Amino acid sequence: MNYLLHILIMITIYFILSLSLNLLVGYTGLLSLCHAAFYGIGAYTSTLLIMKLGLSFPLALIAGIGVSMILSLLVAYPSLRLKGDYFVLTSLAFQIIVFSILYNWVSLTRGPYGIPGIPHPRLFGLEFGSLPSFLALSSVLAFLVFFILYRLSSSPFGRVLKAIREDEIAASALGKKIPSFKIWAFVIASGIAAISGSLYAGYVTYIDPTSFTLDESIFIMAILLVGGSGNLKGPIVGTLFMVILPEALRFLGIPDTVAPNVRQMIYGLLLILLMYFRPQGIAGEYKFE
Amino acid sequence: MVLQLLANGIVTGCVYALVALGLGLIYNTTRIFHIAHGIVYTFSAYMFYTFVRSLGLNVLPSFLLGVISAVVLGIMIEAFLYWPFFKKRASLMIVFISSLGVYIFLVNLIAMLYGNETKVLSPGVERTFHIGSMILTRIQILEILAFVLLFPLFVFVLKTTKLGKLIRALSDNPTLLTVLGADVRKLRIWIFGLGSFLAGVASCLTALDVGLDPHVGMEAFLMAAVSMIVGGIGNFEGAALGALILGIVQNMLIWKISARWTEALAFLILVLFLLFRPEGLMGRRRRLEEV
């Protein structure tokens, strides 16, 4: 039972990550490889504020979102004037720089030792320590994020983003300021990723930089590529598939020592096959054209 | 001390340069953001390791076989992956993602078969050479030599041979080249072969020097990509200049700041270039939106 609850909690956390990245990949056509950096920034900001300054969980969560949004401008400003490969490379650069800071700034983040003993989130005097209560909290947040993104994607803002994805020049000819739309999409997506970070830290009660590596960014990207992007169905299908896949492999009796490798080999292979036969993923809309 | 760091920087830069020249050759002609170049690099080092350790061959033949493995893998990726996509007129983004797929697949295969830990190839203490106040090992000198020999050869092939002319034509105007009846498929195979050859040489030399682990390729790819942009996209030789500068700056700064920051530093350089000089050092001056 606990095992099932754990998987459900991880699914809600990855829902938030993939739904927010979808705003960039699926709606704006930006292949960003630094989502784990914002996930990490959210986790570290809220954890440090809770543990060093004694802030309450909701305030720390909001601060994490804020810091993540501000830092996202550092990537958004130089890179969003660039297209395709240059944007991918800059986002990669940001991912590596953030990881270096988390790993090497030992006096603040304790570097490779990580931060143990993070308290469970507390809200209105309730502590979300047990698995069912935590699942309730994370589900509520995931639903909230889903709702916000649902409204956003059907709003004029969302439609402009789709227009940029389909034809940037046409959209700008209609008088839309392309860079500022892209920057907003990036800032919003980064802020939402930080929510996952705070949740993750409060759930596992221990964080270290290895949870927020380039591999993690690639994993979040793979969720979208496998499930599909450009609508809200894709990220949901992708998250379910990618989070449940390793558990399914466990039941197939693949030894634990090679399981992570086998899992990644499967999704590496899936990426190649999907890109050839079905670039929009299992349930997505955007075909990367 | 400064001279020693400079020497180390030149060695690092020469290795980066070989990978970057190959990556630049591929990027400038096919426009594929060839992240699988990283796995070609890793694969080559592991094949070298296998030939030496498991099959007990001598270092020199193993080295050659390691480089040949790189060429074979590079050509296979082009022939069985990129070419079908090219035929389908798939977008470059799709090709990039499939390239990432190849990288993920093979890096995990290698990690599964060989383990994640660092492996060492060189048998013991290397012979060192003193040049003034600088000390270089024999392999470091070989690394410099590889660049000093291969770079002029690369430029020579590019500037004077028929193949070089075709490569430059493909980079200028691929459509026109097809119209003129050139065999683009064969040409692309040559390009991937050459690029992977350079990566293989760099990889096997580095494996001898500092050892290997499954993630060496990603780092090599990232540094090569940064070098390529610092040097200037569209310019085949620029990547070498970018790589040398990157290697030297990284090593000189070890003097002032900790070595743990070198990777972050490389990317800081990248971001600064993208902000202030996106066309790179030797690239044609273009507007930012064009690049």
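Keep in mind that what you see is a predicted model, and the values were worked out from it rather than measured. (Residues numbered from 1 in each chain as written. Chains lettered and ligands numbered in written order. Predicted model: local features only at pLDDT ≥ 70, side-chain atom pairs only at ≥ 80, totals over all residues.)

> Help me understand the overall build of chain B, please; the structure alone is not making it clear to me.
Across its full length, chain B holds 11 helices and 2 strands. Over its C-alpha atoms chain B spans a radius of gyration of 19 Å, differing by no more than 12% from the 19 Å that the globule rule assigns to 291 residues. C-alpha atoms of chain B, sized along the principal axes, occupy 55 × 45 × 35 Å. In chain B, the share of contacts with a sequence separation of at least 24, taken over all contacts with a separation of at least 6, comes to 77%. (Helix = DSSP H or I, 4+ residues; strand = E, 2+ residues; numbered from the N terminus. Rg over C-alpha atoms; globule rule 2.2 N^0.38 Å. Contact = placed C-beta atoms within 7 Å.)

> Would you mind showing me how to read the overall build of chain A here?
Check the secondary structure of chain A and you find 12 helices and 2 strands. Walking chain A from its N terminus toward its C terminus, one meets helices and strands in the order α-α-α-α-α-β-β-α-α-α-α-α-α-α. Expected size for 289 residues packed as a compact globule is a radius of gyration near 19 Å; at 18 Å, chain A falls within 12% of this value. Over its C-alpha atoms, taken along the principal directions, chain A stretches across nearly 55 × 45 × 35 Å. Sorting the 289 residues of chain A into buried and exposed places 51% on the buried side. Long-range contacts, defined here as pairs at least 24 residues apart, represent 74% of the contacts in chain A between residues at least 6 apart. (Buried ≥ 20, exposed ≤ 12 C-beta atoms within 10 Å, placed from the backbone.)

> For this particular structure, what's the right way to read the interface of chain A and chain B?
By a widely used convention, the size of an interface equals the accessible area lost when the partners come together. Each partner contributes residues to the interface: chain A has 33 residues there, and chain B has 32 residues. Sorting the residues of the side of chain A that touches chain B by element identifies α3 (57-79), α4 (84-104), α10 (214-227) and α12 (259-277) of chain A as the ones contributing at least two each. Looking at which element gives the most residues to the side of chain A that touches chain B, the answer is α4(A), with 12 residues. Considering only residue class, the side of chain A that touches chain B consists of 22 nonpolar, 8 polar and 3 charged. (Nonpolar A, V, L, I, M, F, W, Y, C, P; charged D, E, K, R; others polar.)

> I would appreciate a short explanation of the environment of A:L31 in the present structure.
Looking at where A:L31 falls in the secondary structure, it is placed in the loop between α1 (2-28) and α2 (35-53). Not counting the four nearest positions on each side in its chain, A:L31 is found in contact with A:V25, A:V88 and B:M93.

> Got a minute to help me understand α4(A) in this structure?
Every α-helical turn comprises 3.6 residues, leaving residues that sit three or four positions apart pointing alike. For α4(A), spanning 21 residues, the distance from its first C-alpha to its last is 30 Å, which sits close to the expected 30 Å at 1.5 Å a residue. For α4(A), the tally of buried residues reaches 16 of 21 residues, placing the bulk of the element in the interior. (Expected span 1.5 Å × (residues − 1).)

> Explain the pairing of strand β1 (residues 128-131) of chain B to me, please; I cannot follow it from the model alone.
As a general feature of sheets, a regular strand has side chains that alternate between the two faces. Residues and elements named next belong to chain B. Pairing between β1 and strand β2 (residues 134-137): 4 bridges, direction antiparallel. Bridge pairing in β2 places H130 opposite I135. Linking β1 to β2, which pair antiparallel, is a turn of 2 residues; within it G132 sits at a positive phi near 60°. (Pairing = 2+ DSSP bridges.)

> Even after reading the chapter, I still don't get the packing of α10(A) against α12(A), so can you show me in this structure?
Any two packed helices are characterised by the angle at which their axes cross and by the distance between the axes. All names here are of chain A. Look at α10 against α12: their axes get within 10 Å of each other, and the N-to-C directions meet at 45°. The pairing of α10 with α12 is recorded here as oblique in orientation. With respect to the hand of their crossing, α10 and α12 are arranged in left-handed fashion. Across the interface between the two elements, A222, L225 and V226 of α10 pack against Y267, L270, L271 and L274 of α12. When its residues are assigned to classes, the contact of α10 with α12 shows 7 nonpolar, no polar and no charged. (Axes fitted to C-alpha atoms, helices over the stretch in contact; angles between N-to-C directions. Parallel < 35°, antiparallel > 145°, perpendicular 65-115°, else oblique. Left-handed = near helix turned anticlockwise from the far one by under 90°.)

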